[in-house]
Amino acid sequence: MRRLGALRILMLGWELPPHNSGGLGVACFHMASALAKQGGKISFVLPYDAEHDCGFMNILAATHLDPIERFGGCAYEHLDLDAPAFVAPDGGFSIRDVQTKYVEFVKKHMEDHKYDVIHAHDWLTLEAGMAAKRKFGVPLIAHIHATEFDRSGGSMGNPIIHEIEREGLVMADRILAVSELTRQLIHERYDIPLDKIEVAHNGFDPEEWGPYDYDPSRLAYIEQKKSEGHTVVATISRLTIQKGLVHLLRSFARALEYNPKMLLVVAGDGDQRDELLELSADLGVMQKVLFTGFIRGREIRDVYSSADIFVMSSRSEPFGLTAFEAAHHGSAVVLTNQSGVAEVLWNVMKYDFWDEHRLADILVNISQSEGLKEELQEHIRREYTKLPWSKVAERILGSYRNTIRGAAVLNKKRTRRAV
């Protein structure tokens, strides 16, 4: 077997910063960076062509399409697969068209390049990983950041995606899940043996965020409300059924009955936007809810820094990197028990996503107790700073090692039987 430090890794992903529409790209970037620092030689295949600040690995473009932010958040949202979600200069492409091009690129690329392991992220790249394994016999790692059950809010979702996930999980030599929550879901919904699935929680490196000076003038309205004694509650999320935002709005409306000096900032965009706007009006809280639309970069850090409380209200959240990011910027954090990040953070408030009374009580209690808020803000730092990406990389490299060793043993057995 090849020396661990010289492992050749073909990583299959759908996005990387700054062209990401969610946390998948962020996780892939930091994971790959940590693996490279420990000696991994990585080639990362993307479905679009763009510049990236990723000198630690080789970026490969499977198509000449524009970056993913130009053609929607299909990596995350529950959408019609036949819709023209991907648009190229010479016409429209469905997401299935792009996946077909992606598969063909990977197969052709591997005709001239050798790898020790294929690491595929989520359903969008599983078909390419399976095709490469079939043709070249390279061990396949399936890394699951979210399933279709998560994206559809726990319902059945799209049957085509389910079939891809099922086939990919069965064919993979090893499965990495971002949480025990996801591990159990894969086991229960897809009947995959638990001993085939390994948990690799996401990490967080505070130093990667660099220095930052919050300028209150950029969020003048929010700062004005804070000066008037308002507590700022924030969430940064895709506005989809998965994120439980309907329950958050209802809980917030209930909390206002006990403490009217609160402001809710909802940052992000998605297919539930109009529904949420209408609901805020129906609940009579429109003057207390600020919808920012899609934000990135400095705007995200501004929202984090302005918030007293950060809520991740997801119905099903395999992990939830935003909890780390919010904590790093000084927010007290509130999580649902249905989130993977709740497995590694304890100095937070937790509730079940459907329990609107419980969340309302939490918001009121934190907003009316400066001591509780400060305790949550301070103690959580001791937790997320002990979860670096380097530890995640060590676990993944160990999984590579075991998978490659197991595949080699299996191939020897097959060879003997053939003889």
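This write-up is about the structure you can find in this document. (Residues numbered from 1 in each chain as written. Predicted model: local features only at pLDDT ≥ 70, side-chain atom pairs only at ≥ 80, totals over all residues. Heavy atoms only, no water.)

**Quick word on the overall build of the protein chain**
Helix and strand counts for the protein chain stand at 15 helices and 15 strands. Considering the protein chain as a whole, with its 419 residues, one finds that 58% of them fall into the buried category. Within the protein chain, contacts between residues at least 6 apart in sequence are counted, and of these 69% link residues at least 24 apart. (Helix = DSSP H or I, 4+ residues; strand = E, 2+ residues; numbered from the N terminus. Buried < 20%, exposed > 50% of the residue type's maximum accessible area, 1.4 Å probe, protein only. Contact = heavy atoms within 4.5 Å.)

**A short note on the sheet that holds strand E13 (residues 309-312)**
One open sheet accounts for six strands, arranged E12-E11-E10-E13-E14-E15; its pairing is parallel. The open sheet terminates on both sides in strands that have one partner only, identified here as strand E12 (289-293) and strand E15 (349-351). Neighbour-to-neighbour, the strand axes of the sheet open up by a mean angle of 20°, direction not taken into account. Two elements, strand E10 (residues 231-236) and E13, share two bridges in a ladder whose sense is parallel. (Pairing = 2+ DSSP bridges. Axes fitted to C-alpha atoms, helices over the stretch in contact; angles between N-to-C directions.)

**As for the pairing of strand E8 (residues 174-177)**
Relative to E8, strand E7 (residues 140-144) is paired through four bridges, and the arrangement is parallel. In the sheet register, Ala142 faces E8, and the bridge partner there is Ile175. As paired elements, E8 and strand E9 (residues 197-199) share three bridges and run parallel to each other. The partner of Leu176 across the bridge, within E9, is Glu198.

**Points about the pairing of strand E6 (residues 117-121)**
Buried residues dominate E6, accounting for five of its five residues. The alternating pattern of E6 places Val117, His119 and His121 and Ile118 and Ala120 on opposite faces, both of which are buried. Across four bridges, the pairing between strand E1 (residues 8-12) and E6 is parallel. Across the sheet, the residue bridging to Ile9 is Val117, located in E6. Summarising the sheet, E6 and E7 pair through four bridges and their orientation is parallel. Among the inter-strand pairings, His121 is bridged to a residue of E7, identified as His143. For the crossover that starts at E6, traverses helix H3 (residues 122-136) and ends in the parallel E7, the hand is right-handed. (Right-handed = clockwise from strand over helix to strand, strands pointing away.)

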